[in-house]
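The lines below spell out each chain.
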Amino acid sequence: SGLQGGETEYSALLPKAALRYDFNDQWSTFISYAEAYRAGGVDVDSSSGEVFPFDPEYTYNYEIGLRGDLPERGLQLAANLFYIEWEDQQVPVLRGLFFNTENAANSELYGADLSLTWQPVEALTLNGSFGWVQTEFLNYTAEGEDYSGNEFIFAPDFTGSLGAVLRLGGWMASANVSHREHSFTRPSNIEDEYSEGRTLVDARLG
């Protein structure tokens, strides 16, 4: 129904600070704080021409971690704990056949992740990772529905992977298995509307 245009401008100051302490050559720890930002915009429903403007979002990120590098044992380790406060979170919401973006007032997530790499012999490298996260809309009301206390969409509680790489002469072979749990597809967290958990297996020979 014709052409429409618009123009807007956003700006944000994004401080970041971190402290790191080395226990020795092999072990270290850190703590960090950072602010992040994503600009606002406009979604368009291509079936009706309706426009849906949305505001910028901001996050306040707290993290503490541990790093280990033990070359004599062929081990590398990284572990993190994190907490994120979200302000005006941009949430994709399914309306009819299309996803449109709208802002939740406030939300939060917290969790942990762990990754480990082990090289038992020079030709073989093994790796694994694990992630756990809890998400919650603290204050989110849209179209008369209150989603406060619900989980984010497309945010599985658990993810993980295991992999191996073998190198012999000029040849290499690798295999990896990754898994993610089911997650909700709507902020209403309806039990029968979710993305099922899935496991992906891939391998290469070169």
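Higher on the page you've got the structure.
Note that the coordinates shown come from a computational prediction; the quantities given were computed from them, not determined experimentally. (Residues numbered from 1 in each chain as written. Predicted model: local features only at pLDDT ≥ 70, side-chain atom pairs only at ≥ 80, totals over all residues. Heavy atoms only, no water.)

Among the nonpolar cores identified, the biggest contains 14 residues, and Trp 86, Val 91, Ala 104, Leu 109, Phe 137, Tyr 140 and Phe 152 are the most heavily contacted of them. Those elements that provide at least two residues to this core are strand S6 (75-95), strand S7 (98-121) and strand S8 (124-139). For this core, the leading source of residues is S6, giving 5 residues. (Core = buried A, V, L, I, M, F, W, Y, C linked by side-chain atoms within 4.5 Å. Buried < 20%, exposed > 50% of the residue type's maximum accessible area, 1.4 Å probe, protein only. Helix = DSSP H or I, 4+ residues; strand = E, 2+ residues; numbered from the N terminus.)

On to the sheet that holds strand S12 (residues 171-180). Taken together, the 9 strands give an open sheet; going across it, the order is S1-S2-S5-S6-S7-S8-S11-S12-S15, and neighbouring strands pair in antiparallel fashion. Every other strand in the sheet has two partners, leaving strand S1 (16-22) and strand S15 (198-205) as the edge strands with one partner each. Between one strand axis and the next, the sheet turns by 15° as a mean value, whatever way the strands run. Sheet topology note: the strand S5 (residues 57-70)/S6 ladder contains 13 bridges and is antiparallel. Looking at the pairing, Tyr 60 lines up with Glu 85 of S6. (Pairing = 2+ DSSP bridges. Axes fitted to C-alpha atoms, helices over the stretch in contact; angles between N-to-C directions.)

On to the pattern of salt bridges, then. Per the stated rule, a full pass over the model turns up 3 salt bridges. Ionic pairing is found between Arg 20 and Asp 22, a salt bridge with its closest N-O pair at 3.0 Å. Here Arg 38 and Glu 57 are joined by a salt bridge, their closest N and O atoms 3.4 Å apart. Note that Arg 38 is positioned in strand S2 (residues 27-38) and Glu 57 in strand S5, a separation of 19 residues in sequence. Residue class for Glu 57 comes out buried when judged on its relative accessible area of 5%. (Salt bridge = Lys/Arg side-chain N within 4 Å of Asp/Glu carboxyl O.)

All chains considered together, the criterion is met by 10 aromatic pairs. An aromatic cluster is defined as three or more aromatic residues linked by ring pairs; in this entry it consists of Trp 86, Phe 137, Tyr 140, Tyr 147 and Phe 152. (Phe/Tyr/Trp six-rings, centres within 6.5 Å; stacked < 30°, edge-to-face > 60°.)

Fair warning: the whole summary comes from geometry, so function is off the table for now.
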